Amino acid sequence: MTGFDTGFGGMMAATLTPFDSSDRLNLSAIRSHAEFLIDGGVAGLCPAGTTGEMLYLSVGEKVRLIEETCAAAKGRVPVVAGVWAFREREIHLLTRAAQIAGAAAVFLPPPIYYPADDETIYLYYLSVHEVSDLPVFAYNIPAYASNSISHDCLDRLVADGIIAGVKDSTGNSDQMRALVEKFAGRIAVEAASDSFALEAKKIGAHGFISALTNIWPQALVRLWNGDESVQPLVDEARKAVKCAGGIPALKYLLSKRGIEAGASRLPQSALSVEQRAAMDAVFERVTAAGLH
């Protein structure tokens, strides 16, 4: 299945992966978190991605995470499932499992770590497209994947009906503008990196996939819907989260919304006393100022 689909627009959540005290998936927290996000107005849920600690989940855990997220969503919002894995056959297994679970689409970055040219990246996405009927989203995140998906490669993938969308996490306005100018109307163009949300909307991105939406869904939805006053608060929160280690800080903040997501897996470290105090202060400040 390919082609532009407006069903993938709006503010979506790059969901965290909750663990219990024994470092197992916390199924009840996955469900309650999904409900919290849907009640907050998000346009979609994106489990098993970068924010979801995809590198440190087993294939079996990813399957269960996707299944639980789809079950919790109950078709109210689309689930765009991350299907990254180290081996091609595992990516295929995850893609088929996502379709069975009821996901609306899948997304994955290009091959990571080792250099990959355009032909390699093209064949990589082709192999995923061929194993299910789900739309495939290319996920451009060169800072982490080490490989960027070139516009020439994207053009070929779109022309051959292999991808239905692209998520770009560079936070680069020139890059987003070029993607919108070249591909809008042919595929869904999704942006990421929370400090870039307002600019991405103005440039013409169809949707946005956000980490901070895990904590303040209503506020990020307001931002996407035109409330520009939210962006400075988002910028402040994002800066503080980055300084405190990213995912562990997000999980700590989520606990302050009443959902226990547990610890993050190594190499992510627990927050120090000082970092927790800093997160407490930021949470109180930005919540009082309007982030909900």
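Quick look at the structure, then. The structure presented is a predicted model; accordingly, all values stated were derived computationally and were not measured. (Residues numbered from 1 in each chain as written. Predicted model: local features only at pLDDT ≥ 70, side-chain atom pairs only at ≥ 80, totals over all residues. Heavy atoms only, no water.)

**Digging into the overall build of the protein chain**
Reasoning step 1: Broken down by element type, the protein chain carries 12 helices and eight strands.
Reasoning step 2: The globule rule puts the C-alpha radius of gyration for 292 residues at 19 Å, and the 18 Å found for the protein chain is close to it.
Reasoning step 3: Each principal axis of the C-alpha distribution contributes one length, and for the protein chain these read about 50 × 40 × 35 Å.
Reasoning step 4: Across the 292 residues of the protein chain, 56% fall into the buried class.
Reasoning step 5: Taking the contacts inside the protein chain whose residues are at least 6 apart along the sequence as the reference set, 72% of them involve residues at least 24 apart.
Reasoning step 6: If you sum the accessible surface of the protein chain, you get close to 11,900 Å²; carbon and sulfur atoms cover 52% of it.
Reasoning step 7: Charge separation in the protein chain, taken as the distance between the mean sites of 26 positive and 33 negative side-chain charges, equals 4 Å. (Helix = DSSP H or I, 4+ residues; strand = E, 2+ residues; numbered from the N terminus. Rg over C-alpha atoms; globule rule 2.2 N^0.38 Å. Buried < 20%, exposed > 50% of the residue type's maximum accessible area, 1.4 Å probe, protein only. Contact = heavy atoms within 4.5 Å. Areas by Shrake-Rupley, 256 points an atom, 1.4 Å probe, with all protein chains shown as cover. Lys, Arg positive; Asp, Glu negative; His and termini not counted. Charge placed at Lys NZ, Arg CZ, Asp CG, Glu CD.)

**Looking at the pairing of strand E4 (residues 105–108)**
A regular strand places its side chains so that they alternate between the two faces of the sheet.
Reasoning step 1: Here E4 shows a buried face lined by Ala105 and Phe107 and a second buried face lined by Val106 and Leu108.
Reasoning step 2: After leaving strand E3 (residues 80–82), the chain enters helix H3 (residues 88–101) and then returns to the sheet as E4, a path that is right-handed.
Reasoning step 3: The sheet contact formed by E4 and strand E5 (residues 136–140) spans three bridges and is parallel. Bridge pairing in E5 places Phe107 opposite Phe137.
Reasoning step 4: Crossover E4 to E5 through helix H4 (residues 118–129) is right-handed. (Right-handed = clockwise from strand over helix to strand, strands pointing away. Pairing = 2+ DSSP bridges.)

**Describing the layout of surface pockets**
Over the atoms, a rolled probe matching the size of one water molecule traces out where space is still vacant.
Reasoning step 1: Size it by volume and the largest pocket reaches roughly 1,000 Å³.
Reasoning step 2: If you trace the largest pocket, you find 39 residues lining it, with Thr50, Thr51, Ile141, Tyr144 and Lys242 closest to the centre.
Reasoning step 3: Secondary-structure elements contributing two or more residues to the lining of the largest pocket are helix H5 (142–145), strand E8 (207–210), helix H10 (230–243) and helix H11 (247–255).
Reasoning step 4: For the lining of the largest pocket, the element with the most residues is H5, which contributes four residues.
Reasoning step 5: Residue composition of the lining of the largest pocket, grouped by class: 23 nonpolar, 11 polar and five charged. (1 Å grid on protein atoms, 1.4 Å probe; cavity = no way out; pocket = protein on both sides within 12 Å on 5 of 7 lines; lining within 4 Å. Points joined across faces, edges and corners; volume = space filled by probe spheres on them. Nonpolar A, V, L, I, M, F, W, Y, C, P; charged D, E, K, R; others polar.)

**Things to note about the packing of aromatic side chains**
Reasoning step 1: Evaluation of the coordinates by the stated rule reveals seven aromatic pairs.
Reasoning step 2: Measuring from ring centre to ring centre gives 4.9 Å for Tyr113 and Tyr114, while their planes differ by 90 degrees; the resulting arrangement is edge-to-face. Per residue, the accessibility class of Tyr113 equals that of Tyr114, and both read exposed.
Reasoning step 3: A ring pair is formed by Tyr124 and Tyr125, whose centres lie 5.2 Å apart and whose planes are at 85 degrees; its orientation type is edge-to-face.
Reasoning step 4: Its relative accessible area of 14% is what places Tyr124 among the buried residues. (Phe/Tyr/Trp six-rings, centres within 6.5 Å; stacked < 30°, edge-to-face > 60°.)

**A short note on the environment of Gly204**
Reasoning step 1: Along the chain, Gly204 falls in the loop between helix H8 (197–203) and E8.
Reasoning step 2: Residue Gly204 is classed as partly exposed on the basis of its relative accessible area, which comes to 28%.
Reasoning step 3: Spatially, the C-alpha atoms of Gly204 and Ala98 are 29 Å apart, while their sequence positions differ by 106 residues.

**Examining empty space enclosed by the protein**
Reasoning step 1: A full pass over the atoms with the stated rule returns one cavity of 30 Å³ or more.
Reasoning step 2: Roughly 60 Å³ of internal volume is contained in the largest cavity.
Reasoning step 3: Considering the residues around the largest cavity, the lining is formed by Thr15, Leu16, Pro18, Ile30, His33, Ala34, Leu37, Leu45, Leu65 and Thr69.
Reasoning step 4: Among the secondary structure elements, those contributing two or more residues to the lining of the largest cavity are helix H1 (27–39) and helix H2 (59–73).
Reasoning step 5: The biggest single contributor to the lining of the largest cavity is H1, with four residues.
Reasoning step 6: Residues of the lining of the largest cavity, tallied by class, amount to seven nonpolar, three polar and no charged.

**Some thoughts on the sheet that holds strand E7 (residues 188–192)**
Reasoning step 1: As summarised here, the arrangement of the eight strands in space is E2-E1-E8-E7-E6-E5-E4-E3, forming an open sheet in which the pairing is parallel. Both outer strands of the open sheet, strand E2 (44–46) and E3, are each paired with one neighbouring strand and no more. Going across the sheet, the axis of each strand differs from the next one's by a mean of 25 degrees, ignoring polarity.
Reasoning step 2: Strands E4 and E5 of the sheet are contacted by H4, whose axis makes an angle of about 150 degrees with E5. (Axes fitted to C-alpha atoms, helices over the stretch in contact; angles between N-to-C directions.)

**Concerning the environment of Ile112**
Reasoning step 1: Within the secondary structure, Ile112 sits in the loop between E4 and H4.
Reasoning step 2: Here the alpha-carbon distance between Ile112 and Ala145, two residues 33 residues apart in the chain, equals 4.5 Å.
Reasoning step 3: With residues up to four places along the chain from it excluded, the contact list for Ile112 reads Leu55, Trp84, Ala145 and Asn147.

**A short note on the nonpolar core**
Reasoning step 1: By size, the foremost hydrophobic cluster in this structure holds 90 residues, and its most contacted members are Leu45, Tyr125, Ile163, Met176, Trp216 and Met279.
Reasoning step 2: Residues within four places of Met176 in sequence aside, it is in contact with Asp168, Val189, Glu190, Ala191, Phe196, Ile203 and Ala205.
Reasoning step 3: Of all hydrophobic cores here, the second largest spans 13 residues; its members include Met12, Ala14, Tyr139 and Ala145. (Core = buried A, V, L, I, M, F, W, Y, C linked by side-chain atoms within 4.5 Å.)

**Structural notes on the pairing of E8**
Reasoning step 1: Here E8 shows no split at all, with Gly207 and Ile209 on one side and Phe208 and Ser210 on the other all buried.
Reasoning step 2: Relative to E8, E7 runs parallel, the two being bridged by three bridges. Counterpart to Ala192 in the pairing with E8 is Ile209.
Reasoning step 3: Once you follow E7 into H8 and on to E8, the crossover reads as right-handed.

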